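# Structural characterization, general
Residues per chain, in single letters:
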Amino acid sequence: LGNVGRAFVRLLLAKRDQLRAQYGIEWRLTGVASRRMGWLANPEGLSPESLLRGEIPNEAQRCPDLKHWLSVAQPTALFEASSLARTSGEPAISHLRAALQHGAHAITANKGPVLYAYDDLQKLAEHAGRRFLFESTVMDGAPVFNLFRETLPLSSVRGFRGVLNSTTNIVLEEIERGADLRAAVEKAQALGIAETDPSDDLEGFDAAIKVAILVRVLMGCPLRLEEVEREGILGLEEEEIRRARAGGAPYKLVAEAHRVSEWVKASVRPCRVSESSPLAQARGTSSVVHFELEEFFGLTLVETNPGPEATAYGMLVDFIRAVSAC
Ligand SMILES: NC(=O)c1ccc[n+]([C@@H]2O[C@H](COP(=O)([O-])OP(=O)(O)OC[C@H]3O[C@@H](n4cnc5c(N)ncnc54)[C@H](OP(=O)(O)O)[C@@H]3O)[C@@H](O)[C@H]2O)c1
């Protein structure tokens, strides 16, 4: 129940009537967890309004651990939105695995489980007759995975090129306007985009993880994070960044992948992009990705200034998809 979890609960409340009327979906929140709050559950439901006010609902039962929590909450679907653990994907993988073993759909906004346990979780979900879905992990609520799964069946992705990290985008723009690196990072932190420790973004890890996920899911190639060539933006001189913008070809942290015979070559690095390129449309927290397919040459998806609400929307889409298919 962090930023994304709270945005998701607000969205469930806002869409309650439409979920019932259009999809016949009724829901109640039977469990909630965070590091500080611990594991809270009640099979009859917990008050979402109290939780959003930061209160522990009176009806909440405290559970000692995940296993006990699942057995009390009896969820149909579990939503995983804990912090990313870049080197292991844990404990999110264990949360999702336990949910599937319990017979619940497993939905996540956390990239770690897709990076480190995509095959396992997918197999477990198939075996359990449940869904493992993760639309929000790349480009928040924009339909990247659903686009291919739902509307482009049997298409083959040859490659893609995009701007997938908001922090570096904002930092580069702030430097273009005259700020130094430190002030630019502080601006991204004040906007709630950058972490207290922004190094994962600035060194290109966040974008590289997204590349590895896209390559695994959309191109069927089990690329490891270490196999994505990675260069962040810290090696760029501030003056060089300003000159590039003035020259009409600004720097962006470009994430790309292309099929090379049986394998995929992937990288994240700062590149100059022309003002007329689709990649230059990524301003502020926006993201953009341009796909090349066997079937047609180019398809570009641009997501303008998303926040946690867009991420929550991706989880709602996964929820509808999972429970409607039951
Ligand atoms: N923010 C976005 O728009 C966005 C977009 C796409 C994907 N995501 C992904 O969504 C996830 C959540 O992001 P956020 O912005 O909501 O982060 P956040 O506000 O920091 O929330 C993370 C939540 O996870 C909890 N948590 C962390 N480690 C835990 C553990 N070991 N056991 C149980 N709970 C744990 C935290 O509990 P405490 O509060 O008690 O520490 C907190 O409630 C991340 O994986 C992020 O990469 C976010």
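Residues numbered from 1 in each chain as written. Predicted model: local features only at pLDDT ≥ 70, side-chain atom pairs only at ≥ 80, totals over all residues. Heavy atoms only, no water.

## Let's talk about the site of the ligand
Taken together, 19 residues lie around the ligand, and N3, V4, R36, S82 and T311 are the ones closest in. A distance of 3.0 Å is found between an oxygen atom of the ligand and a backbone nitrogen or oxygen belonging to N3. In the model, an oxygen atom of the ligand is placed 3.0 Å from a nitrogen or oxygen of the T311 side chain. Expressed as a share of its isolated accessible area of 900 Å², the protein-covered part of the ligand is 76%. Those elements that provide at least two residues to the shell around the ligand are α1 (3-14) and α13 (308-324). Taken together, the residues of the shell around the ligand sort by class into seven nonpolar, eight polar and four charged. (Near = heavy atom within 4 Å. Polar contact = N/O pair within 3.5 Å; in protein donor to acceptor, adjacent residues only side chain to side chain. Areas by Shrake-Rupley, 256 points an atom, 1.4 Å probe, with all protein chains shown as cover. Helix = DSSP H or I, 4+ residues; strand = E, 2+ residues; numbered from the N terminus. Nonpolar A, V, L, I, M, F, W, Y, C, P; charged D, E, K, R; others polar.)

## Quick notes on the sheet that holds strand β5 (residues 105-108)
Read from one edge of the open sheet, three strands run β4-β5-β6, paired in parallel fashion. The sheet terminates laterally at β4 (77-80) and β6 (132-133), the two strands that pair on one side only. Pairing of β4 with β5 involves four bridges; the strand directions are parallel. In the strand pairing of β5, F79 is matched with I107. (Pairing = 2+ DSSP bridges.)

## So, the nonpolar core
Membership of the largest hydrophobic core comes to 74 residues, with the highest contact counts inside it found for F132, F160, V211, V215 and F291. With eleven residues, helix α11 (residues 205-219) is the largest single contributor of residues to this core. Discounting chain neighbours no more than four positions away, the residues touching V211 are F160, V228, A255, E256, A257, A266, S267 and V268. Within the second largest apolar cluster, 27 residues are counted, among which are V4, V9, I25 and A322. (Core = buried A, V, L, I, M, F, W, Y, C linked by side-chain atoms within 4.5 Å. Buried < 20%, exposed > 50% of the residue type's maximum accessible area, 1.4 Å probe, protein only. Contact = heavy atoms within 4.5 Å.)

## Description of the pairing of β5
Of the two faces of β5, the one lined by H105 and I107 and the one lined by A106 and T108 are each fully buried. Taken together, β4, helix α5 (residues 92-102) and β5 constitute a β-α-β crossover, and its handedness is right-handed. Strand direction decides the pairing type here: β5 and β6, joined by two bridges, are parallel. By the bridge assignment for β6, I107 is matched with L133. Crossover β5 to β6 through helix α6 (residues 111-128) is right-handed. (Right-handed = clockwise from strand over helix to strand, strands pointing away.)

## Observations concerning the pattern of salt bridges
Applying the stated criterion across every chain yields a total of 26 salt bridges. In this structure, R20 engages E26 in a salt bridge whose closest nitrogen and oxygen atoms are separated by 2.8 Å. You can call R20 partly exposed: its relative accessible area is 37%. Of the charged contacts in the structure, one is a salt bridge between K252 and E173, with a shortest N-O distance of 3.7 Å. Taken as a pair, K252 in strand β9 (residues 251-260) and E173 in helix α8 (residues 166-176) lie far apart in primary sequence, 79 residues in all. Comparing K252 with E173 shows no difference in burial state: the two are buried. Shared partners join several salt bridges into a network, and the residues in it are E173, E174, R177, K187, K252 and R283. (Salt bridge = Lys/Arg side-chain N within 4 Å of Asp/Glu carboxyl O.)

## Quick notes on unusual backbone geometry
Across the junction of E90 and P91, the peptide omega takes the value 5 degrees, indicating a cis bond. Within the element layout of this structure, P91 appears in the loop between β4 and α5. Backbone geometry places Q74, a non-glycine residue, at a positive phi of 50 degrees. Of note, Q74 is situated in the loop between α4 (66-73) and β4. Its identity is not glycine, yet N305 carries a phi of approximately 40 degrees, on the positive side. Within the secondary structure, N305 is located in the loop between β12 (299-303) and α13.

## Describing the side chain of N146
Position of N146 among the secondary structure elements: in helix α7 (residues 145-151). Classification of N146 by relative accessible area gives buried; the value is 8%. Contact partners of N146, with chain neighbours within four places excluded, come to E135, T151, V317, D318 and R321.

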